Amino acid sequence: MRKLLLSNWTKAGVFLICLLPFAVLGWRALHHGLTANPIEFITHATGDWTLRFILVTLSVTPFRKLLGLPDLIRFRRMFGLFAFFYGCLHFTTYIWLDKFFDLKEVWKDIDKRPYITLGFLAFVLMIPLAITSTAGWIRRLGGRQWQVLHRLIYLTAIAGVVHYYWLVKSAIIRPLTYAAILTVLLLWRIASKFWPRPSAPAAIPPQPRKIQA
Amino acid sequence: MLIRKTPDLTYADVTPKSVYLNRRKFLRNTGLVGAAAFAGRGLWELVSPASHVYAGTKLNVVSKSPSSTTEKQNTYDDVTHYNNYYEFGVDKTEPAKNAGSLKTYPWSVSVEGEVKKPRKISIDEILKMAPLEERIYRHRCVEAWSIVVPWIGFSFSELIKQVEPTPQAKYVAFETFFDRQQMPQAKYAGIDFPYVEGLRLDEAMNPLTLLCVGMYGETLPNQDGAPVRMVIPWKYGFKSAKSLVKIRFQKDLPPTTWNRLASNEYGFYANVNPHVDHPRWTQAKERRLGEFFKRETLMFNGYSDQVASLYNGMDLKKYY
């Protein structure tokens, strides 16, 4: 198992899997699969995948510990960066295809509409995390400070889920599903902080590595 | 050569498009029927669903309405694969997949309340109530997208005249069909069904208010509200209740589904108004499906000349 997790092939495979939603969008675009309102469809799809990748990123630590597979950490940055990737697509769709760079309009939206305010906040908070995701930045900040900074992901996740919840008209079951998963992931962190399990491998601050995918 | 129109065929006489397009499924169902008969189950019950589904039956349209817009119509594909019909799923593409389970024949609409002649009207009767017109209307959704659809029907006022409202009648309440078995996705919608809507009587009397039985020359597809629905072109789409089973004339303002759910977002009137934003998004612009750039939304969806007088002296910011 360990060997499998450490293989570069696995990493490449996971990378390709993470690109699948993007590929599917591209395929749909070429085959009239984006419904009668393609911009709305792309906005929703990229938003959904941003949230999903945020949750996947937040699942890495619990799974490492619960399954006793510390090597899963190799994939966390990739998942996080994919969350940022889909977040960028989501934001670009909004600002380009939806608002067509009408920045005045965009600012009015952010100022006036709470769900857009939160969505924007969630996106902006991801930017420093994406920038400091490199080995160099971990070294420069030092593991401890880096970790503190990267706790921003919790805010992004909460803001992202509320953004979705505030946006739907009546079918709250989907945003609530995201909210439920996020709650479990956050509660698990609180619980493991107060009741550390002796058998679980200790959390190691991510070590700078030379080779990065 | 004289081509004679088929005399007085009813909906039930015509092979529904969904059946002839789904021959395989039809044959499979027929096979199932045979097997079921052997198993001793009610044959009729199994045959009937298939023969009662209809959509895509040609309608005998007598005239093109002068109230029609000359704007470019949306494609049939757009209008049938991008729907808000929450009883059949909350994604726009779901009703097209799920609405096939709706049995639209036999069908009747109960007209009741403050009328001198309350009655249950069958869909066959509705089709003969008044000459069918084609009306190409702009249709603006509260979600800020819009379409242009060639509806078929007649002014709702024709029905009103025939049932003779009493002087007490001030409002008309509409109710959409609801059945958990035929609409299993409804439980995810977060809405209390049946879907209800309403109009003031004078709004209902306005000649633009359409009792709609078809579009694009044919009967309504299920996902677009078969077999009979309202179309009120100067109001947001949710006012135009689909698959009607009840029309009730009454003294009091009727509750309406979206207003009950979020009264700060969806008012009773729900007139298309670019100056009154939805709390969560602007209504100043809309995306016409099929167009890349948004267009300005027009007051009363461009029907000011015909309907603005209905709201004289009303504060439309308050009565949104």
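Fair warning: this is a prediction, and the values are worked out from it, not measured in the lab. (Residues numbered from 1 in each chain as written. Chains lettered and ligands numbered in written order. Predicted model: local features only at pLDDT ≥ 70, side-chain atom pairs only at ≥ 80, totals over all residues.)

Focus on the overall build of chain A
Which entries qualify depends on this criterion: For the purposes of this entry, the term helix denotes a DSSP run of H or I that reaches at least four residues, the term strand denotes a run of E that reaches at least two, and both are numbered from the N terminus. Radius of gyration here is computed from C-alpha atoms only, and the compact-globule reference equals 2.2 Å multiplied by the residue count raised to the power 0.38. Partly exposed residues are those whose C-beta has more than 12 but fewer than 20 other C-beta atoms within 10 Å; with 20 or more the residue is buried, with 12 or fewer it is exposed, and the C-beta atoms are placed from the backbone. Two residues qualify as being in contact provided that their C-beta atoms, derived from the backbone, are within 7 Å of each other.
When helices and strands are counted, chain A shows 10 helices and 0 strands. In sequence order, the secondary structure elements of chain A are arranged as α-α-α-α-α-α-α-α-α-α. In terms of overall size, chain A behaves like a compact globule, its C-alpha atoms giving a radius of gyration of 18 Å where 213 residues would be expected to give roughly 17 Å. For the C-alpha atoms alone, the extent of chain A along its principal axes is close to 50 × 35 × 35 Å. The burial tally for chain A puts 26% of its 213 residues in the buried class. Within chain A, residue pairs in contact and separated by at least 24 positions form 69% of the contacts whose partners lie at least 6 positions apart.

Quick notes on the overall build of chain B
Along chain B, the regular secondary structure elements total 10 helices and 13 strands. Taken over 320 residues, chain B has a buried fraction of 42%. Sequence-distant contacts in chain B: of pairs separated by 6 or more residues, those separated by 24 or more amount to 72%.

Some details on the confidence of the model for chain A
For clarity, the cut-off: pLDDT measures how confident the predictor is about each residue, on a scale from 0 to 100.
Overall, the prediction assigns chain A a mean pLDDT of 91, with 92% of residues at 70 or greater. Ranking the elements of chain A by mean pLDDT puts helix α1 (residues 2-6) of chain A last, at 85, and helix α9 (residues 152-167) of chain A first, at 97.

Brief notes about unusual backbone geometry
Residue and element names in this part refer to chain B. The amide bond that connects Tyr105 to the next residue, Pro106, takes the cis arrangement and shows omega of -5°. With respect to the helices, strands and loops of the structure, Pro106 is situated in the loop between α5 (94-98) and β2 (108-113). Here the amide bond leading from Phe193 into Pro194 is cis, since omega sits at 5°, within 30 degrees of zero. By the secondary structure assignment, Pro194 is in the loop between β6 (171-176) and β7 (196-200).

A few points about the interface of chain A and chain B
Frequently, the measure chosen for interface size is the accessible area that the parts lose on association. Let me state the cut-off plainly: The residue classification treats Ala, Val, Leu, Ile, Met, Phe, Trp, Tyr, Cys and Pro as nonpolar and Asp, Glu, Lys and Arg as charged. All others, Gly included, are polar.
Each side of the interface is counted separately: chain A has 10 residues, and chain B has 17 residues. When grouped by side-chain class, the residues that make up the side of chain A that touches chain B number 6 nonpolar, 3 polar and 1 charged.

With respect to the nonpolar core
Which entries qualify depends on this criterion: For this analysis, nonpolar core means a set of buried Ala, Val, Leu, Ile, Met, Phe, Trp, Tyr and Cys residues linked through C-beta atoms within 7 Å.
If you look at the biggest cluster of nonpolar residues, it comprises 70 residues, and the most contacted ones within it are Trp151, Val172, Phe174, Cys212, Val228 and Met230 of chain B. The biggest single contributor to this core is strand β5 (residues 145-155) of chain B, with 7 residues. Membership of the second largest hydrophobic core comes to 32 residues, among which are Leu51, Tyr86, Phe120 and Met126 of chain A.

A word on α9 of chain A
All names here are of chain A. The following threshold applies: Given the number of residues in a helix, its expected span is that number minus one, multiplied by 1.5 Å. Within this analysis, the arc is defined by the directions that extend from the helix axis to the C-beta atoms.
Over its 16 residues, α9 extends 23 Å from the first C-alpha to the last, a length consistent with the 22 Å expected when each residue adds 1.5 Å. For α9, the set of buried residues is Thr156, Ala157, Gly160, Val161, His163 and Tyr164. Along the axis of α9, the buried residues cluster in a sector spanning 150°; they form a single face. Contacts made by the buried residues of α9 are with α3 (38-67), α6 (114-131) and α10 (173-194).

Let's talk about the environment of Leu132 of chain B
All names here are of chain B. Along the polypeptide, Leu132 turns up in the loop between α6 (123-128) and β4 (133-140). The partly exposed category is assigned to Leu132, around which 19 C-beta atoms lie within 10 Å. For Leu132 and Leu59, which are 73 residues apart along the polypeptide, the C-alpha to C-alpha distance reads 8.3 Å. If sequence neighbours within four positions are ignored, Leu132 has contacts with Leu59, Asn60, Val61, Val62, Ile152, Gly153 and Phe154.

A look at the packing of α3 of chain A against helix α4 (residues 76-98) of chain A
Residues and elements named next belong to chain A. Using the following cut-off: Angles shown run from 0 to 180 degrees and are taken between the N-to-C directions of axes, each axis being a line fitted to C-alpha atoms and, for helices, limited to the stretch in contact. Angular relationships are summarised with four words: roughly parallel below 35 degrees, roughly antiparallel beyond 145, roughly perpendicular across 65 to 115, and oblique for the angles in between. Crossing handedness is read from the near helix: turned anticlockwise from the far helix by less than a right angle, it gives a left-handed crossing, and turned clockwise, a right-handed one.
Where α3 contacts α4, the two axes come as close as 8 Å, and the packing angle between them is 160°. One way to sum up the angle between α3 and α4 is to call them roughly antiparallel. When the axes of α3 and α4 are compared, the crossing they make is left-handed. Across the contact of α3 with α4, the residue classes break down as 14 nonpolar, 9 polar and 2 charged.

Quick notes on the sheet that holds β2 of chain B
As a general point, the strands of a sheet are linked pairwise by backbone hydrogen bonds and lie either parallel or antiparallel. Residue and element names in this part refer to chain B. The line we're drawing: The pairing criterion is simple: DSSP has to find at least two bridges between the two strands.
Spatially, 5 strands are ordered β3-β2-β11-β6-β7 in an open sheet, and the strand pairing comes out mixed. Both edges of this open sheet fall to β3 (119-122) and β7, since each of them pairs with a single strand only. Put simply, the sheet's adjacent strands are angled 20° from each other on average, direction ignored. Pairing between β6 and strand β11 (residues 244-250): 6 bridges, direction antiparallel. In the sheet register, Val172 faces β11, and the bridge partner there is Phe249.

Some points on the packing of α3 of chain A against α10 of chain A
Residue and element names in this part refer to chain A. Across the interface, α3 lies against α10 with an axial gap of 10 Å and an inter-helix angle of 25°. Of the possible angle classes, the one that applies to α3 and α10 is roughly parallel. Note that α3 runs across α10; the crossing there is left-handed. Together, Leu51, Leu55, Leu58, Ser59 and Pro62 of α3 and Tyr178, Ile181, Leu182, Leu185 and Trp188 of α10 make up the contact between the two elements. Along the lines of polarity and charge, the residues of the contact of α3 with α10 split into 9 nonpolar, 1 polar and no charged.

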